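Descriptive analysis of the structure
One-letter residues, chain by chain:
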Amino acid sequence: KQEVTQIPAALSVPEGENLVLNCSFTDSAIYNLQWFRQDPGKGLTSLLLIQSSQREQTSGRLNASLDKSSGRSTLYIAASQPGDSATYLCAVTYTGANSKLTFGKGITLSVRP
Amino acid sequence: EPEVTQTPSHQVTQMGQEVILRCVPISNHLYFYWYRQILGQKVEFLVSFYNNEISEKSEIFDDQFSVERPDGSNFTLKIRSTKLEDSAMYFCASSDSKWASNQPQHFGDGTRLSIL
């Protein structure tokens, strides 16, 4: 079964800390992996998309890596700020899946001032 | 920046009633999706739509559900006879590339559907 897992479910860190959010997925036959941010009661904001042929993508303080062979991705947040507090979701497009996204449950991040 | 808009933001409906959720995808996008998120659970795929027909649907998307692109801008999800378990946040998304290998799906803010 194709499944995306994110552990832990929640994380609390002090402001300024560099942190890593993990995502794992079964079945390495993927087109791409996308990281989203979700604020409470809000929609999903796309942060980064990594194609299956890429190893990493960067946007500002965010860096996402992809290791297809081990079925893992990480989202690295540098110098975390209270405004980074949100739920971060990882989603995969599997090959043959006609572009639908398969989501993990998300990691709820709290950055303490 | 262009965005996906969804209306209404919150819909309360009696069980058994029909409900239509509306979405305006990003204007030059060709692929459209509906997802839902039951409180505390994962975001789940419902259906994808391209060229005026369904590309793929999940097992959740049974005969009670339908989608339509009635004009050049709107994309709707209809639930014919709502059940309590249909209560969820429904998200619309759009993409300008079916394979999305280098194009992300863009999501709206969602419609929170509450079935009483």
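Relevant structure appears above.
Residues numbered from 1 in each chain as written. Chains lettered and ligands numbered in written order. Predicted model: local features only at pLDDT ≥ 70, side-chain atom pairs only at ≥ 80, totals over all residues. Heavy atoms only, no water.

With that settled, the discussion passes to the overall build of chain B. Scanning chain B for helices and strands turns up zero helices and eleven strands. Along chain B, from the amino end to the carboxyl end, the secondary structure elements read β-β-β-β-β-β-β-β-β-β-β. The C-alpha atoms of chain B give a radius of gyration of 13 Å, which matches the 13 Å a tight globule of 116 residues would have. Seen along its three principal axes, the alpha-carbon backbone of chain B occupies a region of about 40 × 25 × 25 Å. Across the 116 residues in chain B, those meeting the buried criterion constitute 46%. Within the structure as shown, chain B displays about 5,800 Å² of accessible surface, and the carbon and sulfur contribution to it stands at 44%. For chain B, the distance from the average position of its 10 positive side-chain charges to the average position of its 15 negative side-chain charges is 3 Å. (Helix = DSSP H or I, 4+ residues; strand = E, 2+ residues; numbered from the N terminus. Rg over C-alpha atoms; globule rule 2.2 N^0.38 Å. Buried < 20%, exposed > 50% of the residue type's maximum accessible area, 1.4 Å probe, protein only. Areas by Shrake-Rupley, 256 points an atom, 1.4 Å probe, with all protein chains shown as cover. Lys, Arg positive; Asp, Glu negative; His and termini not counted. Charge placed at Lys NZ, Arg CZ, Asp CG, Glu CD.)

All names here are of chain A. Residue position: asparagine 63 is located in strand β7 (residues 62–67). On the accessibility criterion, asparagine 63 (18% relative accessible area) is buried. Polar contacts involving the side chain of asparagine 63 include one to the side chain of threonine 58, which spans 2.8 Å. Beyond its immediate sequence surroundings of up to four residues, asparagine 63 is in contact with Leu48, Glu56, Gln57, Thr58, Thr74, Leu75 and Tyr76. (Polar contact = N/O pair within 3.5 Å; in protein donor to acceptor, adjacent residues only side chain to side chain. Contact = heavy atoms within 4.5 Å.)

What follows covers the state of the cysteines. One pass over the full model with this rule turns up two disulfides over all chains. Sulfur-sulfur distance for the disulfide between cysteine 23 of chain A and cysteine 90 of chain A comes to 1.9 Å. Because the torsion about its S-S bond is -60°, the bridge between cysteine 23 of chain A and cysteine 90 of chain A counts as left-handed. In this pair, cysteine 23 of chain A sits in strand β3 (residues 19–25) while cysteine 90 of chain A sits in strand β9 (residues 86–94), placing the two residues 67 residues apart along the sequence. Here cysteine 23 of chain B pairs with cysteine 92 of chain B through a disulfide, and the sulfurs are 1.9 Å apart. Negative torsions about the S-S bond denote left-handed disulfides, and the value of about -65° found for cysteine 23 of chain B with cysteine 92 of chain B makes this one left-handed. Of this pair, cysteine 23 of chain B sits in strand β3 (residues 19–24) while cysteine 92 of chain B sits in strand β9 (residues 88–95), and the two are 69 residues apart along the sequence. Summarising the burial analysis for this pair, cysteine 23 of chain B and cysteine 92 of chain B share the class buried. (Disulfide = S-S within 2.5 Å.)

Right, let's get into the sheet that holds strand β8 (residues 75–79) of chain B. All names here are of chain B. An order of β1-β3-β8-β7 is seen for the four strands of this open sheet, with the pairing classed as antiparallel. If you trace the sheet from one side to the other, it starts and ends with β1 (5–7) and β7 (65–68), each paired once. Each strand of the sheet is rotated relative to its neighbour by a mean of 20°, with strand direction disregarded. Inspection of the sheet shows β1 paired to β3 by three bridges, in the antiparallel sense. Among the inter-strand pairings, threonine 7 is bridged to a residue of β3, identified as arginine 22. (Pairing = 2+ DSSP bridges. Axes fitted to C-alpha atoms, helices over the stretch in contact; angles between N-to-C directions.)

Read from one edge of the open sheet, five strands run β1-β3-β8-β7-β6 (chain A), paired in antiparallel fashion. Pairing within the sheet leaves two strands with one partner each, and these edge strands are β1 (4–5) and β6 (56–59) of chain A.

Tallying the contact residues gives 23 residues for chain A and 24 residues for chain B. Counting each side, the surface lost to burial between chain A and chain B is near 2,000 Å², with a carbon and sulfur contribution of 53%. In this structure, glutamate 56 of chain B and lysine 100 of chain A form a salt bridge, with 3.6 Å as the shortest nitrogen-oxygen distance. Our count for the contact surface shared by chain A and chain B stands at seven residue pairs in polar contact (both at pLDDT 80 or more). (Buried area = accessible area lost by both parts, 1.4 Å probe. Salt bridge = Lys/Arg side-chain N within 4 Å of Asp/Glu carboxyl O.)

All right, on to the packing of aromatic side chains then. On inspection of all chains with the given rule, the structure shows 13 aromatic pairs over all chains. Here the aromatic rings of phenylalanine 32 of chain B and phenylalanine 75 of chain B are separated by 5.4 Å at their centres, their planes lie at 40°, and the arrangement is tilted. Here phenylalanine 32 of chain B is found in strand β4 (residues 31–37), whereas its partner phenylalanine 75 of chain B is found in strand β8, with 43 residues between them in sequence. Since its relative accessible area comes to 3%, phenylalanine 32 of chain B is described here as buried. Residue phenylalanine 75 of chain B is classed as buried on the basis of its relative accessible area, which comes to 0%. Pairwise contacts between aromatic rings join Phe36 and Phe103 of chain A together with Tyr33, Tyr35, Phe45, Phe91 and Phe107 of chain B into one cluster. (Phe/Tyr/Trp six-rings, centres within 6.5 Å; stacked < 30°, edge-to-face > 60°.)

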